[in-house]
Amino acid sequence: MTKIFKAVIWDFGGVFTSSPFDAFARYEAEQGLPKDFIRTVNATNPLDNAWAKLEQSKVSGEEFDGMFRAESKALGHEVPGADVLKLLSGSLRPRVVKALEVCKGHGKVGCITNNAPIGKGASMTNDDGKAAELAKVFDMFDHLIESSKLGIRKPDPRIYALMCEALDVDPADCVYLDDLGINLKPARAMGMTTIKVLGEDQLLEDLKSATGYAVV
């Protein structure tokens, strides 16, 4: 028997949009960088590096540019942080937006996004049309938590607790989707049913399997 959930909570980048990791890989290939180099920089000193500070609005985009340059140079290849910021905003996945609409018809929906104070609104893009398109999706959520506004970021357990509090739901009654395993661990530890997003088809199949909702 399928469990009845009261809320589905979503990550945004790499879930509703194509993964920035794909953009990172293309950039690395174009620039002759080692595979996964940008992710390696971001994973080095992950609680206090340029990336962590940016997502908590502790540094500006301009400051991030220099800090990321220094961190990447220390690991063997100097990469401008400004280049990395341009790779963050992926293209929208309409089928996942449809799935959000279905979930919204069954209960509450929330979004927890680690984002940066760059671009127009929560989407981190400077393209007006794209920003408007993504803003419509953000408006569909019953509650939105942005790390850059809150000052804390996933995987800090407090951010998940704040979402449950805002939606007035118990973690055990929630599904949580994210493309990063490190961000799923605290949610799972709290009792949420978690789905690691590897791609669009897999996301929809796993969400249907977990909830029974007709998202496929």
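Preceding this paragraph is the structure being described.
Below is a summary of the structure that appears in this document. Throughout this description, residue numbers start from 1 for each chain and increase along the sequence as written. Only residues with pLDDT of at least 70 are given local features in this predicted model, and only at 80 or more are side-chain atom pairs given and counted; all residues enter the totals for whole chains, interfaces and linings. Side-chain figures throughout are based on the complete set of non-hydrogen atoms in the structure, without hydrogens or water.

Remarks on unusual backbone geometry
Consideration 1: For the peptide bond that leads from Lys-154 to Pro-155, omega is 10°, which places it in the cis range.
Consideration 2: In this structure, Pro-155 sits in the loop between α8 (147–150) and α9 (157–167).
Consideration 3: Unlike most non-glycine residues, Asp-36 shows phi in positive territory, near 65°.
Consideration 4: Comment: elements are numbered from the N terminus, with helices defined as DSSP H or I runs of at least four residues and strands as E runs of at least two. Along the polypeptide, Asp-36 turns up in the loop between α1 (20–31) and α2 (37–43).

Description of the layout of surface pockets
Consideration 1: A 1.4 Å probe that fits into a set of points on a 1 Å grid over the protein atoms alone but cannot get out defines a cavity; an open set with protein on both sides within 12 Å along at least five of seven lines defines a pocket, and lining residues are those with an atom within 4 Å of a point. Grid points are joined across faces, edges and corners, and a volume is the space filled by probe spheres set on the points. Considered as a void within the structure, the largest pocket measures approximately 750 Å³ in volume.
Consideration 2: Along its surface, the largest pocket is lined by 33 residues, and Phe-21, Trp-51, Glu-55, Leu-180 and Asn-183 are the ones closest to its centre.
Consideration 3: Contributions of two or more residues to the lining of the largest pocket are made by α1, α2, α3 (50–55) and α10 (181–190).

A look at the sheet that holds strand β3 (residues 143–146)
Consideration 1: Two strands qualify as a pair provided that DSSP identifies no fewer than 2 bridges between them. Strand order in the open sheet made by the five strands is β3-β2-β1-β4-β5, with parallel pairing throughout. Edge strands, defined here as strands with exactly one partner in the open sheet, are β3 and β5 (193–196). The average angle at which neighbouring strand axes cross in this sheet is 15°, direction not considered.
Consideration 2: As paired elements, strand β2 (residues 108–113) and β3 share four bridges and run parallel to each other. Along β3, the bridge assignment pairs Cys-111 with Leu-144.
Consideration 3: Whether two residues are in contact is decided by their heavy atoms, any of which lying within 4.5 Å being enough. Between the N-to-C directions of two axes lies an angle of 0 to 180 degrees, each axis being a line fitted to C-alpha atoms and, for a helix, fitted only over the stretch in contact. Relative to the sheet, helix α6 (residues 94–104) contacts β1 (7–10) and β2, its axis offset from that of β1 by approximately 150°.
Consideration 4: Helix α11 (residues 200–211) rests against β1, β4 (174–178) and β5 of the sheet, and its axis sits at about 165° to β5.

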